[in-house]
Structures are given as structure tokens and as C-alpha cells.
Amino acid sequence: MDKLKIQGGVQLNGTVQVSGAKNAALPILISAILGGGKSRFERVPALQDIKTTELVLNHLGLASTFENGVMTLDATKIATVDAPYDLVRKMRASVLVLGPLLAREGRAKVSLPGGCAIGARPIDFHLSALEKLGAKITLEGGYVIAEAKRLRGNRVAFEFPSVGATENAMMAATLADGETLLENCAKEPEIVDLAISLRSMGAKIEGEGTEHIRIQGVNSLSGANHRIVGDRIEAGTFLAVALATRGKIRVEGLAPHHLEAVLAKFESSGAKIHRDADAITLESTGRARGTDFQTQPFPGFPTDMQAQFMAAMCLADGPSLITETIFENRFMHVPELTRLGADLTIRGNSVLVRGKEKLIAAPVMATDLRASASLVMGGLCAEGETTVSRIYHLDRGYERMEEKLRSLGAKIDRVKDES
Ligand code: EPZ
């Protein structure tokens, strides 16, 4: 396993190009199953989760190529509708093959994903949506088996604006017979990007990005041709690095409105934000002010930025009250940040951050993707040498993180973890 060695206390400045969004690429690559031909995707990030997705799709019979950020997928023939446990357990997003396989082949057998570090993350909203579209769902030996001669359009009202459930239902409805109206949908930019990619295949979709999405089913779809949207969470992470190290960083390749709730909190903490059409700059004005926030579905403050913003608040002047409303166990970074000297108190689904003048380097351990980003940020600010172990978590969602940080002036190296 690898770990990162970080010499903290350096102000980071410069420009970063964000990669394609992981959370858009995963459903979009999987949606290639729906197309009867060859799909081509640009700005696909080279991440572990993308590699896993490619393996799942190869297992299902899609031939693939992937070089220089361009992935092609040929779905002319589906070899099997069975997504096995040893692939699904590596990445929960594999459950997104349910809708497309069911819509294309009339059957899907997908291992239940099991929980993960940040919560139980059930898939009941996915399954009830597919049942509403006419699927017969049975659970057998840890597998979900879904069957439907042909899905039928229907009205599906989500109990909660679940990103994954919205994506599964959207993909399934594109080939259903008749019209589907999805209500109380997730509105994340990644949902919008999936709709744009599906439309490039000939799908008839409108309303993406609002709480109502209307889909007219068609008989077949062609291959997709799409460039993945920029990663707003990667962008927010680098802006948080500028806040924490009191520098000035410009992130290029995404629209500011994809991150407005986070930009507003950066401004509340005293930072200057400059917005361009396809870039955002954060310029620190000195020590950040403590800032309260709570995570919400889009357009609220994204849960995927909670750990990173918390890391920046550990050095703020004054307290911050941070509340996590999306996942039930997304404070795994708290004890690790405490090892760096942060003053954090957990009360239920909130954390009180008492900002300190400085953090002190220590060995820390990553537990999940965004927690690992917050620990890297802690290391960048702590005095001395911090090592972050188990950074395979980081590699799931950040492309060449240490290279991008070095280009901003960070003293950071990836080394083999002999322990
Ligand atoms: C997506 O996960 C993202 N992953 C997550 O990013 C992100 O944190 C999350 O959306 C929220 O924005 C991908 O897009 C691959 P949800 P997803 O369904 O779809 C509960 C990262 O760090 N729920 O919106 O799984 C669920 O347990 C990852 O990049 C049910 O109860 O999120 C959670 O508490 C982490 N039943 C809440 O809803 C269901 O059937 C939100 O989940 C589905 C979800």
C-alpha cells in the first residue's frame, strides 16, 4: 500500500485543471449498456472507481478502450446480466447497472452492495422505483434479481432526492413503454450531465436539474458521444486548500453555479471568490473566520465537501458548527484530524470545531474518500511531517492528487507503506 508524506506549513498558490467528475462518469459509462452500438466519452478521469466500472462493463460483455481520458465502450452484445459480488463490493455505484440491464435485456442479477464506511447506504429507493416501472424484484442469496418483459412508463415519486436512485430510474425509463414522470428527483449537476449524455443516444428527457424529470420511452438507443462535466468536488477541495493554507488558487474546467453553496461559505469565512464562466478563484485574506454549515441535497452544501471544509475550519478564528444530514456516519475523519491537534467535539450529527492557531504533524490514516482529502489538507497545514496511510481511498476519487498539489507548491511525496 502507498502513503503520502507531507511537509506542512507551505502556502499554496497557482492554477489547477479539474478532471472529469467521478460521480458523473460512473453512471454515464454504465448508461452505455443502453446503446446498441459504440459509445465514446471524453474527459474520463483515470481513477480506481473508473477502472472498476470498466471491469464491470467488460464482465457484462462491453468491449472497451481507455487512453488519454477517452473511453470507448461497445455494447453491441450483452454477454451476461449478472454483476457478481466480487465486483460490486468494490464499488457501490455498480448497482447502477440494474436499470440499464433491465431496460435493455429484461433481466438483471446484481449483488446487493453491502454497507460502506460512511453508512448503510441501502438501495430501497432504487428498487421501489424499478418496481413502479413494472419490474418484478426478488432478493436471493445476497443478489437482487429484477425482471420485466418490457418496462412501462409510470409516475415515480422519490421519498428522498437520492442521486443513485434518480440515475437508475432515469436510465431504465429511457427504454420503457410510454411516459415516465420522476418527482422529488436529485438535482445534482451529475444528474444533468447524465441526461445530456442519454440525449446524445436519442433518449427523450426533459426537466433534469429540477425536481421533476419527464422521460418518453423509445424502442432503442444508439451509442453515446459525450464529454464528462468537470468535477465540482475536486474543485471545491482545491479551493479549500487555498483557504486552509492562506493562498490563492484558480480551478479551471467547471461552472461556478455547480458549487455556489460552498462558495458562499468560503466567502462567509472571509475568502475572496472570483467567478469566471468556466473557472473559480479563491484568494485568502488571512486567517479564515469560523463558519457554520449543514449538508443538504443540491443546491445545498454538498456532503462530499463536508470533511474538506471541516479541515479548513480547524485553523479558523472562532468556532464552526458543522451538521451532516445526508449520511449517518460521515465523521470518520474527526478522530484523525484530532491526532493533528484539531479541537473537535461530536454531538449527534453535528461537530463543533474550535479553531486553533496551528496543527501539529502526526501519522494519520485515511478511512474513506473525502476523509482522506481532509487529512491531506490537515497535513498541508500542520507544522512538521505528516504521513497519511491507506491512500487507496484517495485514489478512488482524485486523479494525480499529489502531482496537482506539488504544482501549487506543496511538499508532498507518495511512498511505499512498509508498515
Ligand atoms: C452519490 O451517492 C455519490 N456517489 C456520493 O458521493 C454522494 O455523497 C451522494 O450521492 C450524495 O450526494 C456517486 O454518485 C457514485 P444518495 P448515492 O442515494 O447515490 C440514503 C463520494 O464521496 N439512501 O443520494 O449513494 C443513503 O443511505 C460519494 O464521491 C437510502 O436510504 O447517494 C444516504 O443516506 C460518497 N436508500 C442518502 O439516501 C436508497 O435507496 C443519500 O444517498 C438510496 C439512498
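As a reminder, the structure under discussion sits directly above these lines.
Residues numbered from 1 in each chain as written. Predicted model: local features only at pLDDT ≥ 70, side-chain atom pairs only at ≥ 80, totals over all residues. Heavy atoms only, no water.

If you tally the helices and strands in the protein, you get 14 helices and 24 strands. Against the 2.2 N^0.38 benchmark of 22 Å for 419 residues, the protein shows a C-alpha radius of gyration of 21 Å, consistent with a compact globule. Expressed as a percentage of its 419 residues, the buried residues of the protein come to 58%. Taking contacts inside the protein between residues at least 6 apart in sequence as the whole, the part at least 24 apart equals 72%. Carbon and sulfur atoms make up 49% of the accessible area of the protein, which amounts to about 15,800 Å² in all. (Helix = DSSP H or I, 4+ residues; strand = E, 2+ residues; numbered from the N terminus. Rg over C-alpha atoms; globule rule 2.2 N^0.38 Å. Buried < 20%, exposed > 50% of the residue type's maximum accessible area, 1.4 Å probe, protein only. Contact = heavy atoms within 4.5 Å. Areas by Shrake-Rupley, 256 points an atom, 1.4 Å probe, with all protein chains shown as cover.)

Right, let's get into the pairing of strand β4 (residues 63-67). Taken together, the five bridges between β4 and strand β5 (residues 70-74) define a ladder with antiparallel strand orientation. Across the sheet, Ser 64 pairs through a bridge with Leu 73, a residue of β5. (Pairing = 2+ DSSP bridges.)

Now for the state of the cysteines. Taken as a whole and judged by the stated rule, the model has zero disulfides. Free of any disulfide, Cys 381 has its nearest cysteine sulfur in Cys 314, 8.9 Å distant. Its relative accessible area of 13% is what places Cys 381 among the buried residues. (Disulfide = S-S within 2.5 Å.)

Neighbouring residues of the ligand: 21 residues in total, closest Asp 124, Phe 125, Ser 162, Asp 304 and Ile 326. The side chain of Arg 330 places a nitrogen or oxygen atom 3.2 Å from an oxygen atom of the ligand. Here the ligand has 820 Å² of accessible area as a free molecule, and 87% of this is covered by the chains. If you list the elements that add at least two residues to the shell around the ligand, you get α1 (22-30), α5 (124-132), α6 (163-173) and α12 (369-381). Looking at the shell around the ligand residue by residue, the classes come out as 10 nonpolar, five polar and six charged. (Near = heavy atom within 4 Å. Polar contact = N/O pair within 3.5 Å; in protein donor to acceptor, adjacent residues only side chain to side chain. Nonpolar A, V, L, I, M, F, W, Y, C, P; charged D, E, K, R; others polar.)

Right, let's talk about the nonpolar core for a bit. Membership of the largest hydrophobic core comes to 76 residues, with the highest contact counts inside it found for Ile 33, Leu 62, Val 97, Leu 151, Met 170, Leu 182 and Leu 198. When residues no more than four places from it in sequence are discounted, the contact partners of Leu 151 are Leu 102, Ala 103, Leu 133, Gly 134, Ala 135, Ala 172, Ala 176 and Asp 177. If you look at the next biggest cluster of nonpolar residues, it comprises 68 residues, including Val 241, Ile 280, Ala 373 and Val 388. (Core = buried A, V, L, I, M, F, W, Y, C linked by side-chain atoms within 4.5 Å.)

In this structure, Gly 134 sits in the loop between α5 and β8 (136-140). A C-alpha to C-alpha distance of 5.3 Å links Gly 134 and Leu 151, two positions 17 residues apart in sequence. When residues no more than four places from it in sequence are discounted, the contact partners of Gly 134 are Glu 147, Ala 148, Leu 151 and Arg 152.

Within the secondary structure, Ser 64 sits in strand β4. Note on Ser 64: relative accessible area 24%, which makes it partly exposed. C-alpha of Ser 64 to C-alpha of Lys 38: the two residues are 26 residues apart in sequence and 9.3 Å apart in space. When residues no more than four places from it in sequence are discounted, the contact partners of Ser 64 are Glu 54, Asn 58, Thr 72 and Leu 73. At 2.7 Å, the side chain of Ser 64 and the side chain of Glu 54 are in polar contact. Within the structure, Ser 64 has its side chain in polar contact with the side chain of Asn 58 (distance 3.0 Å).

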